[in-house]
Amino acid sequence: MPKISILVAVLAAAFVAAAQAQSMTVSAAMRAYNTGDYQTAYRLLHDAAEAGDPEAEANLGYMYARGQVVVQDERKAIDLYQRSANQGDGEGMNALGYVYAFGTKHDMSQAVHWFCQAIARGNPRAMNNLAGVLYSGGDGVPRDVDQARSLWEQAAALGNGGAMLNLGRSYADTDKATGTQWVKRAALAGQPDAQEILRSSGYTGALPPPRSEAAMMIPETKNPPGKAKLCGAAS
């Protein structure tokens, strides 16, 4: 093998090894965060974000947004979300969408744009969030219950308990049986609000420990692109 080809192969292997090590660092950070070890999570995410890892950037942004370990700093959080999104990370895109939909940088057209970009990458949190926007309607987004339910179903198929609960609530007044089924599925997935609703209805069966996805760091996975009419070619 020519010396140049050998050098290219060695460099490629080094890049792969570095990426795998960085991914392991981010995974360790998420595990630490989800068990309440915020100091370790911050240290690992900070180092990985400094090295340009987009998943670390998005999740470090959450820590700045929530003021965990660091002083709360929305501007810093948004900068990290943007850096992550610019690298094609679905969670960074979802985080930007959430800021534009529900935060101080309120701009629903930008929110829809970033949610759609995240949905195109199969991000279930973005599916859940855009469904909520569609279900409530207003602010330039037409109310579309069917499209909202479609997105919640897509997110639910990816295991998102919040989407299951929202889907159940959407049927509460029109199809109680279907609504109850979805609330039960959410409860069995560990969604804490769904568990409270189910218990208050008299359910006495076993339930898993509560698992609040909204307060967790969840690894980005390669899911099929989601579908939403509002997103057009973006999804």
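Nothing here was measured: the structure is a model prediction, and the numbers come from that model.

### Observations concerning the overall build of the protein
And then number 1: For the protein, the helix and strand inventory stands at 11 helices and zero strands.
And then number 2: The buried share among the 235 residues of the protein stands at 43%.
And then number 3: For the protein, the proportion of contacts with a sequence separation of at least 24, taken over those separated by at least 6, is 47%.
And then number 4: When the accessible surface of the protein is totalled, it reaches about 12000 Å², and 56% of it is carbon and sulfur.

### Description of the confidence of the model for the protein
And then number 1: Of all residues in the protein, 89% attain a pLDDT of 70 or more, and the chain-wide mean is 90.
And then number 2: Low pLDDT, under 50, characterises residues 3-21; the predicted model gives this stretch one contact beyond four residues in sequence or across chains.

### What about unusual backbone geometry?
And then number 1: With a phi angle near 75°, V69 is a residue other than glycine that sits in the positive phi range.
And then number 2: Locating V69 in the fold gives a position in the loop between α3 (54-66) and α4 (74-86).
And then number 3: What makes V69 partly exposed here is its relative accessible area of 39%.

### Thoughts on the pattern of salt bridges
And then number 1: Inspection of the entire model under this criterion finds five salt bridges.
And then number 2: Of the charged contacts, one joins E57 and R83 as a salt bridge, the two residues approaching to 3.4 Å between their closest N and O atoms. Placement of E57 in helix α3 and of R83 in helix α4 is noted, with a sequence separation of 26 residues between them.
And then number 3: Put simply, R83 and D79 hold a salt bridge, and the shortest N to O gap is 3.7 Å. Highlighted residues: R83 and D79, both in helix α4, separated by four residues, approximately one helical turn.
And then number 4: You can call R83 partly exposed: its relative accessible area is 28%.
And then number 5: Connected via shared salt-bridge partners are E57, D79 and R83.

### Description of the environment of G226
And then number 1: Tracing the sequence through the fold places G226 in the segment after α11 (192-200).
And then number 2: With relative accessibility at 1%, the residue G226 sits in the buried group.

### Some points on the nonpolar core
And then number 1: Ranked by size, the top nonpolar core spans 62 residues in total, and within it L45, L130 and L151 carry the most contacts.
And then number 2: Looking at this core, the element that brings in the most residues is helix α6 (residues 108-119), giving eight residues.
And then number 3: With sequence-adjacent residues up to four places away left out, L151 is seen in contact with I119, M127, L130, A131, L134, K227 and A228.

### Here's the deal with the packing of helix α7 (residues 124-136) against helix α8 (residues 145-157)
And then number 1: Relative orientation of the contacting elements α7 and α8 amounts to 160°, with a least axis distance of 8 Å. Between α7 and α8, the interaxial angle falls into the category roughly antiparallel. Every pair of crossing elements has a handedness; the one defined by α7 and α8 is left-handed. Residues P124, M127, N128, L130, A131, G132, L134 and Y135 of α7 pack against V145, Q147, A148, L151, W152, Q154 and A155 of α8.
And then number 2: Classifying every residue of the contact of α7 with α8 by side-chain character gives 11 nonpolar, four polar and no charged.

### Points about helix α5 (residues 90-102)
And then number 1: Taking 1.5 Å as the rise per residue, α5 with 13 residues should run 18 Å; its terminal C-alpha atoms sit 18 Å apart, in good agreement.
And then number 2: Turning to α5, its buried residues are G90, E91, G92, M93, N94, A95, L96, G97, V99, Y100 and A101.
And then number 3: In this fold, the buried residues of α5 make contact with α3, α4, α6 and α7.
And then number 4: Measuring from the side-chain oxygen of the N-cap residue of α5 to the backbone nitrogen of E91 gives 3.1 Å; that N-cap residue is D89.

### Let's talk about the environment of T25
And then number 1: Inspection of the secondary structure puts T25 in helix α1 (residues 3-34).
And then number 2: Looking at T25, the relative accessible area reads 27%, which means it is partly exposed.
And then number 3: Here the alpha-carbon distance between T25 and A48, two residues 23 residues apart in the chain, equals 7.1 Å.

### Comments concerning the packing of aromatic side chains
And then number 1: Under the definition given, this model contains five aromatic pairs.
And then number 2: Between Y62 and Y81, the aromatic rings sit 5.5 Å apart at their centres with planes inclined by 55°, giving tilted as the arrangement. Of this pair, Y62 sits in helix α3 while Y81 sits in helix α4, placing them 19 residues apart in sequence. Across this residue pair, the class does not change: Y62 and Y81 are buried.
And then number 3: The side chain of R143 reaches across the aromatic face of Y135, ending 4.8 Å from its centre.
And then number 4: Directly above the ring of Y171 sits R149, whose terminal nitrogen or CZ lies 3.9 Å from the centroid.

Criteria and thresholds
Residues numbered from 1 in each chain as written. Predicted model: local features only at pLDDT ≥ 70, side-chain atom pairs only at ≥ 80, totals over all residues. Heavy atoms only, no water. Helix = DSSP H or I, 4+ residues; strand = E, 2+ residues; numbered from the N terminus. Buried < 20%, exposed > 50% of the residue type's maximum accessible area, 1.4 Å probe, protein only. Contact = heavy atoms within 4.5 Å. Areas by Shrake-Rupley, 256 points an atom, 1.4 Å probe, with all protein chains shown as cover. pLDDT = per-residue confidence, 0-100. Salt bridge = Lys/Arg side-chain N within 4 Å of Asp/Glu carboxyl O. Core = buried A, V, L, I, M, F, W, Y, C linked by side-chain atoms within 4.5 Å. Axes fitted to C-alpha atoms, helices over the stretch in contact; angles between N-to-C directions. Parallel < 35°, antiparallel > 145°, perpendicular 65-115°, else oblique. Left-handed = near helix turned anticlockwise from the far one by under 90°. Nonpolar A, V, L, I, M, F, W, Y, C, P; charged D, E, K, R; others polar. Expected span 1.5 Å × (residues − 1). Polar contact = N/O pair within 3.5 Å; in protein donor to acceptor, adjacent residues only side chain to side chain. Phe/Tyr/Trp six-rings, centres within 6.5 Å; stacked < 30°, edge-to-face > 60°. Lys NZ or Arg CZ within 6 Å of the ring centre and 35° of its normal.

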